[in-house]
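# Residue-level structure breakdown
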Amino acid sequence: MPDADGIKDAKMFYCDMQQKTQGFFLKGSNSLDWGMKNRLARIFNPVSGRTVMLAIDHGYFQGPTTGLERVDINILPLVPYADTLMLTRGILRSVIPPSTSQAIVLRVSGGASILKELSNEDIAVDIEDSIRLNVCAMAVQVFIGGEFERQSIINMTKMVDIGNRYGIPTLAVTAVGKDMARDAKYFRLACRICAELGAHYIKTYYIDEGFETVTASCPVPIVMAGGKKIPELDALTMAYNAVQRGAAGVDMGRNIFQSAAPIAMIQAVRAVVHDNETPAKAFDLYNTLNNKSRV
Ligand code: R5P
């Protein structure tokens, strides 16, 4: 109990100054509760409004992917440069030090492998484990147009409901079947469905034609998926175009950890995402950092 004797008269009321009500910096997120916003503010930098997520969750359906064979050796040195790590609870518990301050986005859907139909996923992590692991968001794959479309959408809506109960956002990851057209019409459909059904933010692929219509018609933030490995300058150009055309950052995996110089690459991606650096200047930075590391 505080000592009740000798309490001074309260005087600092600043009656001439109204208390400010601040809007939340992220698109479509102003009506969320405090805990949800606080977690999103750990994923997205409140100054730039963007994030560099490092995706290393590939093993959950395709095993030890090139570059992820030894997360302890190849990925831990990249962690300080990421705003957020997107990964499975297995890798989180077994390899990532609990002292890591980066926001964690936990992969919570699963159940399919590259040997079978990938859209046949279920919810694979209990909400209690997400809470126990102190995650900032939960990622669920959504297969619009896929064989198990309905099931994957319901996986997402269930996570949204459970996450809303505890203040943990849900990231919907739009997965595109091999034989489906990757165009603006498809991504507008996929992203809008996820947002309408409650996803707090969405990961989707960049397309040259009409990406700005995908971001404009999605009422919540979109982060750009990296996709298969392409040359560094092309990957930086893709990230630049995505953020300039409305993405709130990137969630990149292979184009960072399969780069010839992953530490230089993630810093170059940061320059594009947080500082609006041009692809050419970011590529210069990549080369400079890469050369320095060789000396
Ligand atoms: C795919 O949809 C998963 O989320 C991936 O495992 C991962 O996030 C993809 O990252 P990237 O395509 O940039 O390697």
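Residues numbered from 1 in each chain as written. Predicted model: local features only at pLDDT ≥ 70, side-chain atom pairs only at ≥ 80, totals over all residues. Heavy atoms only, no water.

### With respect to the overall build of the chain
Each helix and strand counted, the chain has twelve helices and ten strands in total. In terms of C-alpha radius of gyration, the chain reaches 21 Å, essentially the compact-globule figure of 19 Å for 295 residues. Across its three principal directions, the C-alpha atoms of the chain cover 70 × 50 × 40 Å. In the chain, which comprises 295 residues, the share counted as buried stands at 48%. The long-range fraction of contacts in the chain, counting pairs at least 24 apart against all pairs at least 6 apart in sequence, stands at 67%. (Helix = DSSP H or I, 4+ residues; strand = E, 2+ residues; numbered from the N terminus. Rg over C-alpha atoms; globule rule 2.2 N^0.38 Å. Buried < 20%, exposed > 50% of the residue type's maximum accessible area, 1.4 Å probe, protein only. Contact = heavy atoms within 4.5 Å.)

### Quick word on the site of the ligand
Neighbouring the ligand are 15 residues, the closest being H58, Q141, K203, G253 and R254. The side chain of D57 places a nitrogen or oxygen atom 2.9 Å from an oxygen atom of the ligand. In the environment of the ligand, an oxygen atom lies 2.8 Å from a nitrogen or oxygen atom belonging to the side chain of R254. Classifying every residue of the shell around the ligand by side-chain character gives five nonpolar, five polar and five charged. (Near = heavy atom within 4 Å. Polar contact = N/O pair within 3.5 Å; in protein donor to acceptor, adjacent residues only side chain to side chain. Nonpolar A, V, L, I, M, F, W, Y, C, P; charged D, E, K, R; others polar.)

### Observations concerning the packing of aromatic side chains
For the structure on display, the rule yields seven aromatic pairs. Seen from their ring centres, F44 and Y201 are 5.1 Å apart, and the 75° between their planes marks the pair as edge-to-face. One end of the pair, F44, is in the loop between helix 1 (34–43) and strand 1 (51–55); the other, Y201, is in strand 8 (residues 201–205), and 157 residues separate them in sequence. In this pair, the class of F44 matches that of Y201, namely buried. For the ring pair Y206 and F211, a centre distance of 4.9 Å and an interplane angle of 50° mean the geometry is tilted. Like F211, Y206 is buried. (Phe/Tyr/Trp six-rings, centres within 6.5 Å; stacked < 30°, edge-to-face > 60°.)

### Brief notes about the side chain of Q141
Locating Q141 in the fold gives a position in strand 6 (residues 137–142). Polar side-chain contacts of Q141 include one of 2.7 Å to the side chain of R107. The residues touching Q141, leaving out its near neighbours within four places in the chain, are Y60, R107, S109, E121, S152, V173 and A175.

### Focus on unusual backbone geometry
The phi dihedral of Y14 falls on the positive side, at around 45°, and the residue is not glycine. The residue Y14 is located in the segment before helix 1 in this model. Although it is not a glycine, N276 sits at a positive phi angle of roughly 55°. In this fold, N276 is placed in the loop between helix 11 (262–275) and helix 12 (279–294). Overall, N276 belongs to the partly exposed group, its relative accessible area being 39%.

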